[in-house]
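In case you want the letters, here they are:
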Amino acid sequence: MEITENISLKALNTFGIDAKARYFANCKTVKDIEEILARKELYELPRLVLGGGSNILFTGDFGGTVLKPDLKGIEVTGEDENFVRIRAMAGENWDGFVQFAVDHGLGGVENLSGIPGNVGSCPIQNIGAYGAEARDTIERVEMLNVKDLSRSELHGHQCAFGYRDSIFKRELKSKAIILSVTFQLRKKPVFVTSYGNISEELNHYPDISLRTIREAILAIRKRKLPDPAEIGNAGSFFKNPVIGASRLSALLNDHPQIPHFLQKHGEAKIPAAWLIEQCGWKAVRRGDAGVHKNQPLVLVNYGNATGNEIIALARDIQKSVKEKFGVDIEPEVNLV
Ligand code: FAD
Ligand code: EPU
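For the structure given in this document, a descriptive report is provided here. Predicted model only: the values in this text are computed from it and were never measured. (Residues numbered from 1 in each chain as written. Chains lettered and ligands numbered in written order. Predicted model: local features only at pLDDT ≥ 70, side-chain atom pairs only at ≥ 80, totals over all residues. Heavy atoms only, no water.)

Thoughts on the site of ligand 2
Argument step 1. Near ligand 2 there are 23 residues, and of these Tyr163, Ser236, Glu277, Lys282 and Glu332 occur at the shortest range.
Argument step 2. In this structure, an oxygen atom belonging to ligand 2 sits 2.7 Å away from a side-chain N or O atom of Lys282.
Argument step 3. About the coverage of ligand 2: the protein hides 80% of its 830 Å² of free accessible area.
Argument step 4. Residue assignment for the shell around ligand 2 shows that the elements contributing at least two residues are α5 (210–224), β13 (232–236) and α7 (272–278).
Argument step 5. Residue contributions to the shell around ligand 2 peak at three residues, all from α7.
Argument step 6. Split by residue class, the shell around ligand 2 holds 11 nonpolar, five polar and seven charged.
Argument step 7. Both domain 2 (74–223) and domain 3 (226–335) contribute no fewer than three residues apiece to the shell around ligand 2. (Near = heavy atom within 4 Å. Polar contact = N/O pair within 3.5 Å; in protein donor to acceptor, adjacent residues only side chain to side chain. Areas by Shrake-Rupley, 256 points an atom, 1.4 Å probe, with all protein chains shown as cover. Helix = DSSP H or I, 4+ residues; strand = E, 2+ residues; numbered from the N terminus. Nonpolar A, V, L, I, M, F, W, Y, C, P; charged D, E, K, R; others polar. Domains from an automatic or database assignment.)

Some details on the packing of helix α3 (residues 94–103) against α5
Argument step 1. Between α3 and α5, the shortest axis-to-axis distance is 9 Å and the interhelical angle comes to 150°. Comparing the axis directions of α3 and α5 gives the class roughly antiparallel. Note on packing geometry: the crossing formed by α3 with α5 is left-handed. Two secondary-structure elements touch here, α3 through Asp95, Val98, Gln99 and Val102 and α5 through Leu210, Arg211 and Arg214.
Argument step 2. Classifying every residue of the contact of α3 with α5 gives three nonpolar, one polar and three charged. (Axes fitted to C-alpha atoms, helices over the stretch in contact; angles between N-to-C directions. Parallel < 35°, antiparallel > 145°, perpendicular 65-115°, else oblique. Left-handed = near helix turned anticlockwise from the far one by under 90°. Contact = heavy atoms within 4.5 Å.)

Section: the site of ligand 1
Argument step 1. Around ligand 1 there are 33 residues in total, and Val49, Gly51, Gly52, Ser54 and Ser121 lie nearest to it.
Argument step 2. Ser54 has a polar side-chain atom sitting 2.6 Å from an oxygen atom of ligand 1.
Argument step 3. Taking 990 Å² as the accessible area of ligand 1 by itself, protein coverage stands at 92%.
Argument step 4. The class makeup of the residues in the shell around ligand 1 is 16 nonpolar, 15 polar and two charged.

A few points about the packing of aromatic side chains
Argument step 1. Summed over the entire model, instances satisfying the criterion amount to seven aromatic pairs.
Argument step 2. Taken together, Phe15, Phe237 and Phe238 form an aromatic cluster joined through their ring pairs.
Argument step 3. Geometry around Tyr302 places Arg285 over its ring, the cationic atom sitting 4.0 Å from the centre. (Phe/Tyr/Trp six-rings, centres within 6.5 Å; stacked < 30°, edge-to-face > 60°. Lys NZ or Arg CZ within 6 Å of the ring centre and 35° of its normal.)

A closer look at the sheet that holds strand β7 (residues 83–89)
Argument step 1. Within the open sheet, the five strands sit side by side as β6-β7-β12-β10-β11. Their pairing is antiparallel. Here the strands that pair on one side only, and so sit at the sheet edges, are β6 (74–79) and β11 (151–155). On average, each strand axis in the sheet is inclined to that of its neighbour by 25°, with strand direction left out of account.
Argument step 2. Pairing of strand β10 (residues 138–145) with strand β12 (residues 176–186), which is carried by seven bridges, proceeds in the antiparallel orientation. Bridge pairing in β12 links Arg140 to Thr182.
Argument step 3. Lying on the sheet, helix α1 (residues 30–38) is in contact with β10, β11 and β12; it crosses β12 at an angle near 150°. (Pairing = 2+ DSSP bridges.)

Concerning the layout of surface pockets
Argument step 1. Taken as a whole, the second largest pocket holds about 470 Å³ of empty space.
Argument step 2. Lining the second largest pocket are 19 residues; nearest its centre among them are Tyr163, Asn240, Val242, Glu267 and Lys269.
Argument step 3. Within the lining of the second largest pocket, the residues separate by chemical class into six nonpolar, four polar and nine charged.
Argument step 4. Counting only domains with at least three residues in the lining of the second largest pocket, you end up with domain 2 (74–223) and domain 3 (226–335). (1 Å grid on protein atoms, 1.4 Å probe; cavity = no way out; pocket = protein on both sides within 12 Å on 5 of 7 lines; lining within 4 Å. Points joined across faces, edges and corners; volume = space filled by probe spheres on them.)

Points about empty space enclosed by the protein
Argument step 1. Scanning the entire structure with this criterion turns up one cavity of 30 Å³ or more.
Argument step 2. Estimates place the volume of the largest cavity at around 50 Å³.
Argument step 3. Lining of the largest cavity is provided by Ile36, Leu37, Leu42, Tyr43, Leu45, Pro46, Arg47 and Thr65.
Argument step 4. When residues of the lining of the largest cavity are traced back to their parent elements, those giving at least two are α1 and α2 (40–43).
Argument step 5. A class-by-class count of the residues in the lining of the largest cavity yields six nonpolar, one polar and one charged.

Considerations on the sheet that holds strand β2 (residues 20–27)
Argument step 1. One open sheet accounts for four strands, arranged β1-β2-β5-β3; its pairing is mixed. Edge positions in the open sheet fall to β1 (4–8) and β3 (47–49), since each of these has one partner strand only. Adjacent strand axes in the sheet meet at a mean angle of 40°, parallel and antiparallel pairs treated alike.
Argument step 2. Relative to strand β5 (residues 62–69), β3 is paired through three bridges, and the arrangement is parallel.

Structure follows, in structure tokens:
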């Protein structure tokens, strides 16, 4: 198992931050991962598991081992009258997996088309978009315990999935490496087209099918979100804040025009993009760090911004949203 030393991570994170890793190991097999975890000289050093690097911000060089589980494979593991179970390995590209499902006429992940990153990361923050979340289809997650190298599985309902949240960001943080995810996909798809402008977009297509929903969502995303190949970013930098009913009515009193989306138990989700725009941050640029011109929830790197410059900008945004609206907005991106 080859380990590279002092490599630049610039091409391995979509923010395009030029941080270095002291050690880097691209693991093609589970045995490779086990070998890295067992190496004595690496044992005491910090460790980072890296997928596609599309939800990470490096704030400096990483003085430990960056381990990339580059495990590949997609296989059918079971089937009944209504569902097909498919196991995808952690290093498979997420959107490649969505394409596979759509090509096989299997429903459940088509609304998550175009999300960057790998299959192994989809349970971490329970990726979501356009009315769907990864938890809707995750049947089980297979993982390797970093301490004793034992393998175990969690069923979807044991993963404590929430909005951009799961057990892997909490109790199991840094304790488990996800090896594969098994999805339960529908043979008779149920189309979800009520979110945002999906139905409107679908008017440009001849029919409603898994394929056209995928294409419509890819088209919407292309218009709204910056492409990391052109401008560094990690998607939404912040989560949308979810507030309680009494907090919402107080906010509506002061700001009657505030957009809000009602959730369970009387809670409401407020678009952080709106809060940030109202504070005057849309399209602001400071050196090479900036706020995207179409989607203020996305912070961008115009070229040579450092992680700390992006964080300084994020802190100032959080502060002004707190001052104007009394609302805390938390980062979605993982700071390393
Ligand atoms: P990374 O950034 O490499 O890692 C993310 C976290 O997971 C890190 O903490 C890492 O240590 C951990 N991790 C990664 N792999 C493993 C593993 N095998 N085992 C244990 N821990 C692991 N997200 C959404 O939810 N919805 C969107 O619509 C969306 N749109 C986006 C659009 C753009 C343009 C971009 C750049 C990002 C977007 N994202 C979105 C965020 C991002 O794509 C997702 O969070 C994605 O799941 C991250 O995958 P990754 O492989 O790149 O993870
Ligand atoms: N808005 C503004 N100004 C803008 C843009 C948006 O005020 O310039 C407001 C509007 O009120 C709009 C609302 O924000 O209705 C929502 O905007 P959008 O539909 O673009 O969604 P979002 O809340 O900004 C969330 C996810 C995205 C996901 C989209 C689609 C979070 C943190 N972000 O964005 O996920 O793709 O919905 O479902 O939940 C990501 O997590 O990285 C990500 C990109």
